[in-house]
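The chain contents come next:
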Amino acid sequence: MNIKQIRELAQIAQENGLSAIEITEGDSHVRLERAAMSAAVPVAPAAPTPVAPAVSAPAPAAETNVDFNRTREIKSPMVGVFYAAPSPDAKPFVAVGSKVKKGDVVCIVEAMKLMNEISAEFDGEVVDVCVHNGDVVEFGQTLFKLC
């Protein structure tokens, strides 16, 4: 790989909001990773307001008697942005307690401006949602745990 290709990869990662990108080409291997930038911004304290939980937030799995040693995982097949629903105002594809069958769409992972539907590879019940809507996910990262 030459420096021009590496710069193009860095630009692709930045344009898509990716924190890391890894490419293997023959015997060449490149991994670009950028640290999350956070700036301390002084904010005036506000009156506390009740906060409703987000629809796409992972639900705690501790409420049930689930043996997490016996769960099966649905993992991300690619690096990209996780979306729990088909559109911002739609209900999530699945939530904790949802029953899924092999082939059911469970989420979308956006990679390189393409929306990729991720399907369940087996039947089960969702016992844990391991990522939040809009999170950048890595290849092989666990998205859901099913019993």
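Computed from a prediction, not measured in an experiment: that's the story for all the values here. (Residues numbered from 1 in each chain as written. Predicted model: local features only at pLDDT ≥ 70, side-chain atom pairs only at ≥ 80, totals over all residues. Heavy atoms only, no water.)

*Asks:* Whenever I open this one, the packing of aromatic side chains confuses me. Can you help?
*Replies:* Each aromatic ring pair is specified by the distance between its two centres and by the angle formed by the two planes. This structure, assessed with the given rule, holds one aromatic pair. An angle of 55° between the planes, with centres 6.0 Å apart, marks the rings of F82 and F144 as tilted. Residue F82 is found in strand β4 (residues 80–83), and its partner F144 is found in strand β10 (residues 142–146); the two are separated by 62 residues along the sequence. Of the two residues, F82 and F144, both sit in the buried class. Directly above the aromatic system of F122 lies the positively charged group of R72, at a separation of 3.9 Å from the ring centroid. (Phe/Tyr/Trp six-rings, centres within 6.5 Å; stacked < 30°, edge-to-face > 60°. Helix = DSSP H or I, 4+ residues; strand = E, 2+ residues; numbered from the N terminus. Buried < 20%, exposed > 50% of the residue type's maximum accessible area, 1.4 Å probe, protein only. Lys NZ or Arg CZ within 6 Å of the ring centre and 35° of its normal.)

*Asks:* Please explain the sheet that holds strand β8 (residues 124–129) as it appears in this structure.
*Replies:* In a beta sheet, neighbouring strands are held together by backbone hydrogen bonds and run either parallel or antiparallel to one another. Spatial ordering of the open sheet is given by β3-β10-β8-β5, a layout of four strands whose pairing is antiparallel. If you trace the sheet from one side to the other, it starts and ends with β3 (72–75) and β5 (99–100), each paired once. Examined bridge by bridge, β3 and β10 share four bridges and lie antiparallel to one another. Bridged to R72 within β10 is L146. (Pairing = 2+ DSSP bridges.)

*Asks:* Looking at this structure, I do not really get the pairing of β8. What am I missing?
*Replies:* Along any regular strand the residues' side chains alternate between the sheet's two faces. For β8, the tally of buried residues reaches five of six residues, placing the bulk of the element in the interior. Sheet topology note: the β5/β8 ladder contains two bridges and is antiparallel. When the sheet's bridge partners are listed, V100 is paired in β8 with G124.

*Asks:* What is the right way to look at the sheet that holds strand β9 (residues 136–137) in this model?
*Replies:* What the four strands build is an open sheet, ordered β7-β6-β4-β9; its pairing is antiparallel. Only two strands of the sheet have a single neighbouring strand rather than two, namely β7 (114–119) and β9. Relative to β9, β4 runs antiparallel, the two being bridged by two bridges. Directly across from G80, in β9, lies its bridge partner V137.

*Asks:* Looking at this structure, how should I read the nonpolar core?
*Replies:* Generally speaking, a soluble globular protein has its nonpolar side chains buried in company with each other. By size, the foremost hydrophobic cluster in this structure holds 18 residues, and its most contacted members are I74, F82, V106 and F144. Those elements that place two or more of their residues in this core are β6 (105–111), β8 and β10. Dropping the residues within four chain positions of it, I74 is found in contact with V106, I118, A120, F122, Q141, T142, L143, F144 and L146. (Core = buried A, V, L, I, M, F, W, Y, C linked by side-chain atoms within 4.5 Å. Contact = heavy atoms within 4.5 Å.)

Just geometry here; none of it tells us what the structure is for.
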